[in-house]
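The primary structure of each chain is shown beneath.
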Amino acid sequence: MTLAVERLSKRYPVRQRGVFGAREVAEIRAVDDVSFRLHGGECLGLVGESGCGKTTTARAILHLITPTAGRVLFEGTDIVPVLGGADRDAALKVRRGIQYVFQDPYLSLNPRWSIGQTLLEPFRVHAHAPQPEWEDRVADLLELVGLEATHAGRFPHEFSGGQRQRVGIARALAVEPRILICDEPVSSLDVSIRAQILNLLVSLQDRLGLTYLFISHDLASVRFISDRVAVMYLGRIVELAPVEALFDHPHHHYTHALLQAIPVPDPTAKAAPVLRGELPSAMERPSGCRFRTRCPAATDRCAAEEPALTDMGDGRVVACHYPR
Amino acid sequence: MTIDLLDVRGLAVDFFTRTGVTRAIDGVDFSVGRRETLGLVGESGSGKTLSSVAVLRLVPPPARITGGRITFDGVDLLTRPPIAMAALRGRRIAMVFQNPGYSLNPILTIGAQLAEILVWHEKLSRAAAMERVAEMLRLVGITDAAVRLRQFPHELSGGMKQRICIARALLCRPDLVLADEPTTNLDVTIQAQILELLHELKDRFATSMILVTHDMGVVARMADRISVMYAGAICETADAATIFRAPLHPYTRALLQSMPRADRSYRAERVLPVIPGRIPSLADPPGGCRFHPRCPEAEPACRHLRPAPVEASPGHVVSCLKRGSPGVEANAAA
């Protein structure tokens, strides 16, 4: 096991200004008590709709957002205090192990830096290789992600979205991490380019023995790349299972509804029944089970009692009183 | 043969830039029958949006429509005076845009901006217009219409805003709705709701629709016929079942194969078939067949001959030299 996330939470207080200053009236639990393990060499997909907390979870792991509570164990040590602490060298060491690939390849590259400058930056920060080697290493990185060494002199605007995402991946790989957290890495790409990047991620995983946390709302990409999949709803994991089991036999009603809602590229497919209602606002979290306001199987018990994540034995955990 | 509601023939759109004129949309043909939904599918830069807004003559500069015929209900729209187009837009042909957040006016209430349409097109009084708007909001599944009328766009969720935009498009009971990626910014469960709604309303109002999308799943769910676009040209047009079951054009085939699917297992194979290379820019499309640099079947002739559409079987039109299309010298254009 490489990474263990234990009871990770991120809460945002909601303040209201009054005569006597601001007071806290509510809190938004963007990530609420999330636990999962990431095994070495696997790809764990993290799916859910917007606002479910999947990106917040990923960012909290790397301390890009300070978590409110919880532990993140990387090779046995809790990295939350390390990344939030004053010891820069210790924090850098952790960051060498876990890197982040951002969603938007247009916003995550400095437009005024050449690709070479962007890729040299990790070497400057981490100084993990002797300086004379840097240029060669950058050239190797570019070739590793399917670009050419000569691209180092070019600027982001000269590249297409798919090529920029390749640069984003190369930048993350510069420090030879063991874990890549990929936050919607293919969501802004066209279909024909998406397949190229997904194939690249798979081949890099095989060649470099990488472990992925793959965050996406695109369930088709997740099915292709993941070994296991966790489904989030309103800040909580509602189901986590091996990919085939989850897609073929979802146990949580939300997972089922999510899978049913994907339009199938087959004109003869019957339209599935549609999940009613919208995601409740993060401030008005339903009592008990968070999904009960939209769940076809909800009873009074679901309003009274929040279901805990229960081990179903086959590598699956589900938080539901009445699993399918 | 019945006469189509909309018939676009040989549509050409050119980009006029400082460096010269490039032909972005090159001889695009499509038609929409009454009550029919045509899916216009393609990746970014395929010209699907440009072709659809061309129907309303709303092509943004530096692009300009430079050729072709757009016949709507028997009238050539390209020769109509601007005032006649203004009377048509929103009344007989309406649009649903991709981003409902940007296409609603942030400083007007929902009621005010929707009622305005009826006051303008149908010369209704404000009160009567408000009543019609409320009725339409209920039809698009908004239960508390009276409250929503007084709200501003920022107070509504994305799904709700898209429902409002659909209501806005249907206010004047148009003959044709152009829906440009109407669900692309929505979550998958909300997308399913909006697609169901569009389906329902199209039947109810007997509206024809052009659905512009990059999502093969969405188009399979919604369209009767599909035109696949690539780099400003249509590769293939056929009924929806044929496009998915027996596609002829190499691009259509490759597109369908390269798409990961949620309904199939990838345990056995860990590699997706890909279309090599990158999507060309509309401002600088390749010569000859525009797909030739990425086509697995390309041969030398594809580099300089533009394939003209040919009917491979009744209703199935394909533009590919390898499928029997006659080749046209590319230099004839522009």
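Along each chain, numbering runs from 1 in the same order as the chain's sequence is written. The naming scheme follows written order: chains are lettered A onward, ligands numbered 1 onward. Local features in this predicted model are restricted to residues whose pLDDT is 70 or higher, and side-chain atom pairs enter the listing and the counts only when it is 80 or higher, whereas totals over whole chains, interfaces and linings include all residues.

A.B. asks: Please clarify how the overall build of chain A should be interpreted in this entry.
C.D. replies: Secondary structure elements are taken from DSSP: a helix is a run of H or I of four residues or more, a strand is a run of E of two residues or more, and numbering for both begins at the N terminus. Of regular secondary structure, chain A possesses 11 helices and 12 strands. Projected onto the principal axes, the alpha-carbon positions of chain A cover approximately 70 × 60 × 40 Å. Relative to its full complement of 324 residues, chain A shows a buried share of 47%. In this description, any two residues whose backbone-derived C-beta atoms lie within 7 Å of each other are considered to be in contact. Counting only contacts in chain A whose residues sit at least 6 apart along the sequence, the fraction spanning at least 24 positions is 63%. Here a residue counts as buried when 20 or more other C-beta atoms sit within 10 Å of its C-beta, as exposed when there are 12 or fewer, and as partly exposed otherwise, the C-beta atoms being derived from the backbone.

A.B. asks: I would appreciate a short explanation of the overall build of chain B in the present structure.
C.D. replies: Each helix and strand in chain B was counted, giving 12 helices and 14 strands. A globule of 334 residues ought to have a C-alpha radius of gyration of about 20 Å, and chain B, at 21 Å, matches this closely. Reported as C-alpha extents along the three principal axes, the dimensions of chain B are approximately 65 × 55 × 45 Å. Looking at the 334 residues of chain B, the share that counts as buried comes to 48%. Each radius of gyration reported is based on C-alpha atoms, and the globular scaling rule is 2.2 Å times the count of residues to the power 0.38.

A.B. asks: It is not clear to me how the interface of chain B and chain A should be interpreted in this structure. Could you clarify?
C.D. replies: In many reports, interface size means the accessible area that the parts give up when they come together. In this assembly, 41 residues from chain B lie in contact with 35 residues from chain A. Looking at the side of chain B that touches chain A, the elements that each hand over two or more residues are helix H8 (188–205), helix H9 (216–222), helix H10 (240–245) and helix H11 (250–258) of chain B. If you tally residues by element for the side of chain B that touches chain A, the top one is H8(B), at 8 residues. Here the residues of the side of chain B that touches chain A sort into 21 nonpolar, 10 polar and 10 charged. Ten residues, namely Ala, Val, Leu, Ile, Met, Phe, Trp, Tyr, Cys and Pro, are considered nonpolar, four, namely Asp, Glu, Lys and Arg, are considered charged, and the remaining ones, Gly among them, are considered polar.

A.B. asks: Honestly, the sheet that holds strand S6 (residues 93–96) of chain B in this entry has me stumped. Any pointers?
C.D. replies: Within a sheet, each strand pairs with its neighbour through backbone hydrogen bonds, oriented either parallel or antiparallel. Residue and element names in this part refer to chain B. Two strands pair if DSSP finds at least two bridges between them. Judged by pairing direction, the sheet is mixed, and its 8 strands sit side by side in the order S6-S7-S8-S3-S9-S10-S13-S12 without closing on themselves. On the outer flanks of this sheet lie S6 and strand S12 (310–313), each paired with one strand and no other. Taken over all neighbouring pairs, the strand axes of this sheet differ in orientation by 20° on average, direction set aside. Lying over the sheet, helix H7 (residues 158–170) contacts S6 and strand S7 (176–180), oriented at roughly 175° with respect to S6. Lines fitted to the C-alpha atoms define the axes, with helices restricted to the stretch that makes contact. Angles between their N-to-C directions range from 0 to 180 degrees.

A.B. asks: Before we go on, may I ask you to explain the pairing of strand S9 (residues 225–230) of chain B in this structure?
C.D. replies: Within a regular strand, the side chains alternate between the two sheet faces. Residue and element names in this part refer to chain B. When you tally the buried positions in S9, you get 6 out of 6 residues, the bulk of the element. Across the two faces of S9 the burial is the same, with Arg225, Ser227 and Met229 and Ile226, Val228 and Tyr230 all buried. The sheet contact formed by strand S3 (residues 37–41) and S9 spans 4 bridges and is parallel. What sits directly across from Leu40, in S9, is Ser227. Direction of pairing for S9 relative to strand S10 (residues 233–239): antiparallel, over a ladder of 6 bridges.

A.B. asks: Could you clarify how one ought to interpret the sheet that holds strand S1 (residues 6–17) of chain B in this entry?
C.D. replies: All names here are of chain B. Pairing in this open sheet of 4 strands is antiparallel, and the strands run S2-S1-S4-S5 from one edge to the other. At either end of the open sheet lies a strand with only one pairing partner, and these are strand S2 (20–32) and strand S5 (75–76). One ladder, built from 8 bridges, connects S1 with strand S4 (residues 63–72); its direction is antiparallel. Within S4, the position partnered with Asp14 by the bridge is Arg64.

A.B. asks: I keep staring at the pairing of strand S4 (residues 69–74) of chain A and nothing clicks. Help me out?
C.D. replies: Residue and element names in this part refer to chain A. Here S4 shows one buried face, formed by Gly70, Val72 and Phe74, and one open face, formed by Ala69, Arg71 and Leu73. When strand S1 (residues 3–18) meets S4, the two strands line up antiparallel, connected through 5 bridges. Bridge pairing in S4 places Val5 opposite Val72. Looking at chain direction, S4 and strand S5 (residues 77–78) are connected through 2 bridges and run antiparallel.

A.B. asks: Hey, could you run me through the environment of A:Asp206 in this one?
C.D. replies: All names here are of chain A. Here Asp206 lies in helix H7 (residues 191–208). For Asp206, a count of 11 C-beta atoms within 10 Å gives the class exposed. With 165 residues separating them in the primary sequence, Asp206 and Gly41 have C-alpha atoms 8.4 Å apart.

A.B. asks: In this structure, what is going on with H7(B)? I would like to understand it.
C.D. replies: An α-helical turn contains 3.6 residues, so any two residues separated by three or four positions project in the same direction. Residue and element names in this part refer to chain B. Taking 1.5 Å as the rise per residue, H7 with 13 residues should run 18 Å; its terminal C-alpha atoms sit 19 Å apart, in good agreement. The buried fraction of H7 amounts to 12 of the 13 residues, a majority that puts the element mostly inside the structure. Along H7, the residues that are buried comprise Gly159, Met160, Lys161, Gln162, Arg163, Ile164, Cys165, Ile166, Ala167, Arg168, Ala169 and Leu170. Of the surrounding elements, those touching the buried residues of H7 are S6, helix H3 (100–103), helix H4 (110–122), helix H5 (126–139), S7 and H8. Expected helix span is computed as 1.5 Å times (number of residues minus one).

A.B. asks: Honestly, the nonpolar core in this entry has me stumped. Any pointers?
C.D. replies: Soluble globular proteins tend to bury their nonpolar side chains together. Residues A:Leu213, A:Phe214, A:Val231 and B:Ile166 are the most contacted members of the largest nonpolar core, which totals 191 residues. In terms of residue count, the dominant contributor to this core is H8(B) (8 residues). When residues no more than four places from it in sequence are discounted, the contact partners of A:Phe214 are A:Cys43, A:Leu44, A:Gly45, A:Leu46, A:Cys182, A:Val222, A:Ile225 and A:Ser226. Linking buried Ala, Val, Leu, Ile, Met, Phe, Trp, Tyr and Cys residues through C-beta atoms within 7 Å yields a set, and such a set is a nonpolar core.

A.B. asks: Even after reading the chapter, I still don't get unusual backbone geometry, so can you show me in this structure?
C.D. replies: With the exception of glycine, most residues fall at negative phi, and the peptide bonds are largely trans. B:Pro61 connects to B:Pro62 through a cis peptide bond whose omega is 10°. Along the polypeptide, B:Pro62 turns up in the loop between helix H1 (48–54) and S4. If you check the backbone angles, A:His63 has positive phi at about 65° while not being a glycine. Tracing the sequence through the fold places A:His63 in the loop between helix H1 (54–61) and S4. We note that B:Arg57 has phi near 55°; this positive angle belongs to a residue other than glycine. Within the secondary structure, B:Arg57 sits in the loop between H1 and S4. Owing to 15 C-beta atoms within 10 Å, B:Arg57 belongs among the partly exposed residues under this scheme.

A.B. asks: Can you walk me through the environment of A:Asp227 in this structure?
C.D. replies: Residue and element names in this part refer to chain A. Note on placement: Asp227 falls in the loop between helix H8 (219–225) and strand S9 (228–233). Sequence spacing of Asp227 and Ile65 is 162 residues, and the spatial spacing of their C-alpha atoms is 27 Å. Setting aside residues no more than four positions away along its own chain, Asp227 makes contact with Glu42, Cys43, Pro242 and Val243.

The values are spatial; any link to function lies outside them.
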